[in-house]
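Coordinates in review
Each chain is listed here by its residues.
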Amino acid sequence: MILSLQGVTFTYQTRDAETKAVEDMTFSVEEGEFVGIVGPSGCGKTTVLNLLAGLEKPSDGEITLRGGPLSDYRGREYPIALMPQHDQLFEWRTIEKNVLLGPEIRRTKGESHVRRGRELLDKYGLKEFAGKHPSELSGGMRQRAALIRTLMTDPDVLLLDEPFSALDFQTRLKVCDDVHAIIKGEKKTAVLVSHDISESISLCDRIVVLSKRPAHVLEVITIDCDKRLSPLKRRESGSFSNYFEKIWRLLEDK
Ligand code: ADP
Ligand code: MG
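Please read all numbers here as calculations on a predicted model, not as lab measurements. (Residues numbered from 1 in each chain as written. Chains lettered and ligands numbered in written order. Predicted model: local features only at pLDDT ≥ 70, side-chain atom pairs only at ≥ 80, totals over all residues. Heavy atoms only, no water.)

Attention now moves to the domain arrangement of the protein chain. According to the domain assignment, the protein chain consists of domain 1 (3-79 + 159-253) and domain 2 (87-154). Taken over C-alpha atoms, the centre of domain 1 sits 25 Å from the centre of domain 2. Across the boundary between the two partners, domain 1 contributes 15 residues, which contact 14 residues of domain 2. Between domain 1 and domain 2, the buried area comes to about 1,200 Å², and carbon and sulfur atoms account for 60% of it. In terms of surface lost to domain 2, no three residues of domain 1 exceed R76, I182 and E186, which account for 47% of the buried area on that side. Counting the contacts that link domain 1 with domain 2 gives four salt bridges. Residue K188 pairs with D154 through a salt bridge whose shortest N-O separation is 2.8 Å. Scanning the region where domain 1 abuts domain 2 turns up six residue pairs in polar contact (both at pLDDT 80 or more). Ranked by residues supplied to the side of domain 1 that touches domain 2, first place goes to helix α6 (residues 169-185) with eight residues. (Domains from an automatic or database assignment. Contact = heavy atoms within 4.5 Å. Buried area = accessible area lost by both parts, 1.4 Å probe. Salt bridge = Lys/Arg side-chain N within 4 Å of Asp/Glu carboxyl O. Polar contact = N/O pair within 3.5 Å; in protein donor to acceptor, adjacent residues only side chain to side chain. Helix = DSSP H or I, 4+ residues; strand = E, 2+ residues; numbered from the N terminus.)

Encoded structure:
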């Protein structure tokens, strides 16, 4: 087990209100696993990722990484990286310079990062675009570049928050395949938040189904299928609709 949440609760405190977003949440993630989080809009999914990313601290409960408290990690040692909803590439920087942003901010940038950046851009089909600016790339390529940028800090766990929501349907299917191939190719552990049930089933090994706010775990569903299949191929497999129906029912009932 790489990551574990035990009884995690989180309440937003604003000047005149308290909003409990997460309640008594317990689940774990195995090394190399792709775990999905699905739940109704506004239930607390992004909040869960923000807790994992260290942007918020649990009001109660504990999050551990490889058995130690996640709260022990700080700054450049922080082992979990969040890929934001929109790619957030900087238009005034080339793709290569965008990819090298993490090490540059952490002031650790060196020859090895430059090499690694080029290697990843090359491996995942962006070599010719390294010197271009984000606006010269398609939505799918931008998302790939954003993922490579997130991988540059070599995180233990990668968090993805609705990473395909800005893309049209056709592009989404293709980017889903690309992202899956990159994450599996780099042997990364990933947690994906999405409100798209089909997308989650096509990408994930297990899916944590959340209730409406405050989010708690309704059920954790293991997606049993040939792990070598790409997300697109998985959509065509026989059991796909069974999983869809199961999750749909769970969300509808609550
Ligand atoms: P989801 O990602 O599932 O759509 P969020 O985690 O973004 O949901 O939000 C869960 C709840 O917490 C929502 O009711 C939202 O309004 C509230 N919320 C989110 N961020 C804040 C914040 N910074 N301050 C106060 N309330 C917030
Ligand atoms: Mg959200």
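More follows now that the structure is in view.
In this section: the pairing of strand β10 (residues 217-222). The pairing of strand β9 (residues 206-210) with β10 spans five bridges and is classified as antiparallel. Bridging across to β10, V208 finds its partner in V220. Between β9 and β10, which pair antiparallel in sequence order, lie six residues. (Pairing = 2+ DSSP bridges.)

Below, the discussion takes up the pattern of salt bridges. Evaluation of the coordinates by the stated rule reveals 20 salt bridges. Among the salt bridges present, the one from E104 reaches R93, with a minimum N-O distance of 2.6 Å. Of this pair, E104 sits in helix α3 (residues 101-105) while R93 sits in the loop between β6 (80-83) and α2 (95-99); the two residues are eleven residues apart in sequence, bridging distant segments of the chain. Given the relative accessible area of 34%, E104 is considered partly exposed. What you see here is one network of salt bridges that share partners, running through R116, E119, K123 and E186. (Buried < 20%, exposed > 50% of the residue type's maximum accessible area, 1.4 Å probe, protein only.)

Moving on to the site of ligand 1. All residues adjacent to ligand 1 are Y12, T14, A21, P40, S41, G42, C43, G44, K45, T46, T47 and R213. Within the backbone of C43, a nitrogen or oxygen atom sits 3.2 Å from an oxygen atom of ligand 1. If ligand 1 stood free it would expose 560 Å²; the protein chains cover 62% of that surface. Those elements giving two or more residues to the shell around ligand 1 turn out to be β1 (3-14) and α1 (45-52). Top contributing element to the shell around ligand 1 by residue count: α1, with three residues. Grouping the constituent residues of the shell around ligand 1 by class yields four nonpolar, six polar and two charged. (Near = heavy atom within 4 Å. Areas by Shrake-Rupley, 256 points an atom, 1.4 Å probe, with all protein chains shown as cover. Nonpolar A, V, L, I, M, F, W, Y, C, P; charged D, E, K, R; others polar.)

Ordered by their spatial adjacency, four strands build an open sheet running β2-β1-β4-β5, and the pairing between neighbours is antiparallel. Strands with a single pairing partner mark the edges of an open sheet, and in this sheet they are β2 (17-29) and β5 (68-69). Lying over the sheet, α1 contacts β1, β2 and β4 (60-65), oriented at roughly 110 degrees with respect to β1. (Axes fitted to C-alpha atoms, helices over the stretch in contact; angles between N-to-C directions.)

For an α-helix, the turn length of 3.6 residues means that residues three or four places apart are oriented alike. An ideal rise of 1.5 Å per residue puts 18 Å on 13 residues; helix α4 (residues 111-123) measures up with 18 Å between its terminal C-alpha atoms. For α4, every residue scored as buried is listed here: H113, V114, G117, L120 and L121. The buried residues of α4 occupy one face: seen down the axis, they fall within an arc of 135 degrees. Exposed and oriented more than 90 degrees from the buried face of α4 are E111, R115 and K123. Along its buried surface, α4 packs onto α2, α3 and α5 (139-151). In the segment just after α4, G125 is the residue with positive phi, at about 75 degrees. (Expected span 1.5 Å × (residues − 1). Arc of directions from axis to C-beta.)

So, on to the sheet that holds strand β3 (residues 34-38). The six strands lie next to each other as β6-β7-β8-β3-β9-β10, forming an open sheet whose pairing is mixed. Only two strands of the sheet have a single neighbouring strand rather than two, namely β6 and β10. Pairs of neighbouring strands in the sheet enclose a mean axial angle of 20 degrees, with direction left out of account. Its contacts with the sheet place α5 against β6 and β7 (157-161), and it is angled at close to 165 degrees to β6. Set on the sheet, helix α9 (residues 240-253) makes contact with β3, β9 and β10; between it and β10 the angle comes to about 175 degrees.

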